[in-house]
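Understanding the architecture of this molecule
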Amino acid sequence: MLGRALADYEKDMTRCARCSLCKWPPLAQVKSIRFSQVCPAISRYNFHAYSGGGKMIVGLSKLKGRVDYSEEMLNVIYRCSVCGACDISCKYSRDLEPLEVLHTLRATCVRDGVAPLPAHRPILDSMRNYDNVWMQPRKKRGSWARKLEVKDAAEQPVDTLYFVGCTYALRPELSGVARTTVRVLQDAGVDVGILGEEELCCGSPAYTIGDEELFVENARRNIEMLNSLGVRRVVASCAGCYGVLKTKYPLVAPANFQVLNVTELLAELIEQGRLVFTNPIGRSVTYHDPCHLGRQSETRKEWNGTERKVLNHLVIQDPPKEFNRGTYGVYEAPRRVLAALPGVELTEMERIREYSFCCGSGGGAKSAFPEFALATARERVEEAENTGAELVATACPWCESNISEGIADAGSRLECASLIELVAKGLGGDVS
Amino acid sequence: MTTTTGTPILRDEVYAELAGIVGEENATREPAILDTYAFQYIAEIVVGDSYMGRPGVVVLPGSAEEVQAIVRLCNREGLKYKAVSTGWGAYGAAPEDGLVQLDLRRMNRIVEIDTRNMYAVVEPYVVGTTLQAEAMKVGLNTHIVGAGANTSVLASATSVMGQGTTGVSTGFSNRNLLGFEWVMPDGELLRVGSFEDSGEWFTGDGPGPSLRGLIRGFAGAFGGLGVFTKCAVKLYPWYGPARLELRGVSPDYDLDIPENHAAYIIDFPGWEEMKDFGNMVGEAEIAFSMCHNAPAPAIASMTDSNLSFYELWKGGLFANMKHTLEVVITARDAEEFAYQEGVLRDIEKRCRGREIVSSHYDLHYFADLVLGLARGMRKAGLRTTARSALPILRFVLEALRKGRTPDAFAKTLYLALVKQNLQARGIFRFGGSFWTSMGALTSWDCCIENAKEGERIKRSWIEKGVLMDDGAENAWGGLYESGCYGHLEELAVYDQSDPVCKEGGIGFVVDTVKATIEKHLAFSLNAVGDPMHAAYSPHVFYYHRHLAGIKEEFDPGALSDATFYIDREGTEEFIRALEAGEEIDMRL
Ligand SMILES: Cc1cc2nc3c(=O)[nH]c(=O)nc-3n(C[C@H](O)[C@H](O)[C@H](O)COP(=O)(O)OP(=O)(O)OC[C@H]3O[C@@H](n4cnc5c(N)ncnc54)[C@H](O)[C@@H]3O)c2cc1C
Ligand code: SF4
Ligand code: SF4
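Residues numbered from 1 in each chain as written. Chains lettered and ligands numbered in written order. Predicted model: local features only at pLDDT ≥ 70, side-chain atom pairs only at ≥ 80, totals over all residues. Heavy atoms only, no water.

Before going further, it helps to examine the overall build of chain B. What chain B contains, in helices and strands, is 22 helices and 20 strands. The globule rule puts the C-alpha radius of gyration for 588 residues at 25 Å, and the 24 Å found for chain B is close to it. Its C-alpha atoms give chain B principal-axis dimensions of about 75 × 55 × 45 Å. For chain B, the share of sequence-separated contacts (at least 6 apart) that also reach a separation of at least 24 residues comes to 70%. Taking the average place of the 55 positive charges on the side chains of chain B and the average place of its 80 negative ones, the gap between the two points comes to 5 Å. (Helix = DSSP H or I, 4+ residues; strand = E, 2+ residues; numbered from the N terminus. Rg over C-alpha atoms; globule rule 2.2 N^0.38 Å. Contact = heavy atoms within 4.5 Å. Lys, Arg positive; Asp, Glu negative; His and termini not counted. Charge placed at Lys NZ, Arg CZ, Asp CG, Glu CD.)

It is worth spelling out the sheet that holds strand β18 (residues 433-438) of chain B at this point. Backbone hydrogen bonds are what pair the strands of a sheet, in a parallel or an antiparallel way. All names here are of chain B. An order of β17-β14-β16-β15-β19-β20-β18 is seen for the 7 strands of this open sheet, with the pairing classed as antiparallel. Edge positions in the sheet fall to β17 (354-358) and β18, since each of these pairs with one other strand and no more. When the angles between neighbouring strand axes are averaged without regard to direction, this sheet yields 25 degrees. Relative to strand β20 (residues 485-494), strand β19 (residues 475-480) runs antiparallel, the two sharing 6 bridges. Within the sheet, the bridge partner assigned to Trp476 lies in β20 and is Glu489. (Pairing = 2+ DSSP bridges. Axes fitted to C-alpha atoms, helices over the stretch in contact; angles between N-to-C directions.)

Our focus in this paragraph is the packing of aromatic side chains. For the structure shown, the criterion picks out 33 aromatic pairs over all chains. Look at Tyr92 of chain A and Tyr253 of chain B: their rings are 5.4 Å apart centre to centre, the planes differ by 35 degrees, and that puts the pair in the tilted class. With Tyr92 of chain A in the loop between α5 (85-91) and α6 (98-111) and Tyr253 of chain B in the loop between β12 (246-247) and β13 (254-255), this pair bridges two chains. The residues Tyr92 of chain A and Tyr253 of chain B share a single accessibility class, namely buried. Sitting over the face of the ring of Tyr51 of chain B, Arg66 of chain A holds its NZ or CZ atom 3.7 Å from the ring centroid. The positively charged end of Arg425 of chain B is found above the aromatic ring belonging to Tyr92 of chain A, 4.5 Å away from the centroid. (Phe/Tyr/Trp six-rings, centres within 6.5 Å; stacked < 30°, edge-to-face > 60°. Buried < 20%, exposed > 50% of the residue type's maximum accessible area, 1.4 Å probe, protein only. Lys NZ or Arg CZ within 6 Å of the ring centre and 35° of its normal.)

With that settled, consider the site of ligand 2. Near ligand 2 the following residues occur: Cys16, Ala17, Arg18, Cys19, Ser20, Leu21, Cys22, Gly53, Cys90, Arg94 and Leu96 of chain A. Grouping the constituent residues of the shell around ligand 2 by class yields 7 nonpolar, 2 polar and 2 charged. (Near = heavy atom within 4 Å. Nonpolar A, V, L, I, M, F, W, Y, C, P; charged D, E, K, R; others polar.)

Once that is clear, we can look at the packing of helix α10 (residues 271-284) of chain B against helix α18 (residues 444-463) of chain B. Residues and elements named next belong to chain B. Relative orientation of the contacting elements α10 and α18 amounts to 145 degrees, with a least axis distance of 9 Å. Remark: the crossing between α10 and α18 carries right-handed chirality. Of α18, the residues touching α10 (which contributes Trp271, Glu272, Met274, Lys275, Gly278 and Asn279) are Trp444, Asp445, Ile448, Ala451, Lys452 and Glu455. In terms of residue class, the contact of α10 with α18 is made up of 5 nonpolar, 2 polar and 5 charged. (Left-handed = near helix turned anticlockwise from the far one by under 90°.)

Of all hydrophobic cores here, the largest spans 273 residues; its most connected members are Tyr78 and Trp144 of chain A. In this structure, Trp144 of chain A is in contact with Tyr162, Val164, Tyr168, Ala169, Ser175, Ala178, Arg179, Val182 and Ile194 of chain A, ignoring residues within four places of it in sequence. Ranked by size, the runner-up nonpolar core spans 28 residues in total, among them Phe277, Val281, Ala287 and Leu325 of chain B. (Core = buried A, V, L, I, M, F, W, Y, C linked by side-chain atoms within 4.5 Å.)

Glancing now at the interface of chain A and chain B. Contact with chain A, which involves 66 residues of that partner, is made by 77 residues of chain B. Interface area, chain A with chain B, both sides summed: about 6000 Å², of which 59% is carbon and sulfur. The interface formed by chain A and chain B contains 5 salt bridges. Ionic pairing is found between Glu25 of chain B and Arg44 of chain A, a salt bridge with its closest N-O pair at 3.4 Å. Between the two partners, chain A and chain B, sit 40 residue pairs in polar contact (both at pLDDT 80 or more). Counting residues per element, the ones that place at least two in the side of chain A that touches chain B are α1 (10-14), α2 (40-45), α3 (52-63), α4 (71-78), β7 (306-310) and β8 (314-318) of chain A. Sort the elements by how many residues they give to the side of chain A that touches chain B and α3 of chain A lands first, with 5 residues. Classifying every residue of the side of chain A that touches chain B gives 32 nonpolar, 18 polar and 16 charged. (Buried area = accessible area lost by both parts, 1.4 Å probe. Salt bridge = Lys/Arg side-chain N within 4 Å of Asp/Glu carboxyl O. Polar contact = N/O pair within 3.5 Å; in protein donor to acceptor, adjacent residues only side chain to side chain.)

Structure (structure tokens):
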């Protein structure tokens, strides 16, 4: 939700049972002691405050004036990848909103002027000044597609807009994924276009860091522009962009287009027989669910109702509230794509789908606390290695980049690749 | 000297020393972090606020040696200290500020699983779910307390209670304790049981010292007797797969119940039949798990939100189906399964039980379901039945739409009883918090009397608006060690953010404590802390003197926080007040 204050969540925070369920996957899904934790923050920093439940208490203490801002308190709030795993585990049993509290805590810090953290400021400034997070001039945003023959959606009508995102567009080591995506979609006969230099940052970093004002401004501009294009659908291959376009934009303004992740579109194209694989991949693969493609990709519905008590103290919501419990995240589409690829043997990690362990990169963790982000990636790499797979496939540039760093840091022989690259290989094409 | 919230400031030199023991990043005096150890469930009833006292420092030791060094430092400086494993509940904290809080989260290893002798050696942060996951891989299982699989195996075995739904086959936590490593209140390290002599932990008694009864007694010392850093617990055979594979996405998991396993909810005409059934099934030694769960938490665990619970519950039919037992059978092979189910159904027949939920959905089950529902309807009356029919039909249709088979409830039940994963739905989701009362470890017959009395008392507190109206009957518990004894505690749900509950909740507890004494219903699980000891001790040979003697002998400086254990003077002052006919405040 946007524009909320901690006071709006006082009851949620007070009703936290301090049960620690948010530190584990939903209990029946725990498969070993080694991979039994689900929260990167508590796994690294150990004090209860770092867990989702811990942050509920920090929020309550702040609201009640029991504590005031300090460097360590800001550490507690920002050494967290906002992955939402705590939220899923809590909501397996409870009608509470730990992730919203966590977001509201950050938004409160920004409103109170104690955040963004110094490491986050340049990112937000870059968004304001250049419409991207990488401090690159606007003109460079279209460079990735220089040699591509692809429609400019700002100039001519297209059915499907490919929303590339700052990272695929501006990080040379990853922009091959964007080119591959366009080629694969074109091969399948999708009428696809891009915005090139005109594309704006999706605003996700501002949202996760807690700068709601900047996020709303960004989202509004994007929605207006995308609405004006008259496209049927917007496809994103960055899970961060996808997550925010799909789940947070509806809180800002109505959109006249459908939002899809590229894995959903690929699965659809495969099933329609429009992508036919001829080239065996010959690799054992495990799949990492990006948080914003999986558990955090359910559209948030604005709920402005009130709480009502029946049977004396049974708490229900009026009008009924739909809780986001991670049930309808995009889990199957990427797996359907992998299953269709010849010569891919998929072995699952222990923590998957809605209780997947985050790569560690999100929520501004990578920029402000790189050691924490790397430790989290190392944990995920170890879990991936434990499957015996040779390759970790994923569908997010942030995950791909951080897991790759984890692999390098661990000296592991694993490889990390984007799902679309495997698809291109399966089609017999030249990657990027 | 104190901080603005009154927390005594730990001297910088002492803090530096503590940080030196555990490493800088494992010690903190940050108020925002300290508060996350002060905020505790039931604090609102214990001290009238969501926060217990704020510790002066939290440390995260990584080994028994570090724990020893911390405890010695506390002794030298005269500082109160307390350990938590997962830290769930007010008893992990103290009412006053300034405690040295040891959070044992970093001590999280399963040291060993001995498959031949069927035991595991664990550190404090090993919880039910992690030990179970590893034990099942080698055909073993562990006793998990009713609190859920998120609680510490060690804390339960050494320091707190021990009731769990599989008690009929896996006993009570203190009975599973096969030795422990103990940083005594003065900082000395002691290993108890066979480990001291042989390096193996197969028994808690001799040739080394046996102090099992002394450190625990009935309820445990709740952190009031030093710190336990390792313990061995008995494991039990598991006749299921190495891993229970689930399908689906939260909050709706589905699974195939393993072959030769089954789960049932059996409804009886009344308490008497339920009592007989429990005793007979216990004696027959056929059940892996057997417990009574009241209709409200049972339905809550089958629904994914308070709203869906309310839809089903409000008609009123289910509140009338309250004399039930939940049973899980886990047989080694088909022959054994046939025997166990045969015996179960035979006893069912003798006790006029009806399977209203079953994973074995045969003709017998469908006939039982119809007859069971008919009995419930008769008890509920026509109007209630009519009111309930539509929501139930809607719920069933929705389940069918989701592709659920008639054994769907049995699957959820099986998962809940084997994995102990659904407690938070059944109690916390309703209003936010709960208190429990009665619950003596006693004969099953006496347990039933506890349940009846608990229901009666609770109804009056529901009528006062202090507790959630869960139908009043919300006893939970089961039988232990083949039915040699049992326990039924009375759960009471409330909203801790509501002043009415905060102020009134203690009244329910006081009434139930009085009832257990006046009606000879044995020793309630609330016999914890000085006011409660004062209420019980004069009726039980002044037992507090023995307990206080142990505390004083091992901890003469009273530094291991004993708020939830014993203080002789405090208890005796309350006893004198009670003997003078005064009312005492049962809060701590
Ligand atoms: C909702 C709920 C339901 C419960 N239901 C049951 C139940 O059905 N059956 C049952 O037996 N219990 C029940 N309990 C209590 C339960 O026994 C304990 O919560 C649990 O077994 C202990 O594990 P923990 O991880 O919660 O311990 P913690 O919360 O860490 O500690 C519990 C107590 O033990 C002390 N302690 C913990 N570790 C150590 C240590 N290493 N050395 C010294 N002292 C230590 C702490 O100081 C504290 O007083 C329930 C509690 C809750 C919150
Ligand atoms: S946030 Fe939810 S899961 Fe975490 S401690 Fe609080 S109630 Fe438990
Ligand atoms: S969002 Fe992720 S990292 Fe942050 S507290 Fe929740 S589980 Fe932990």
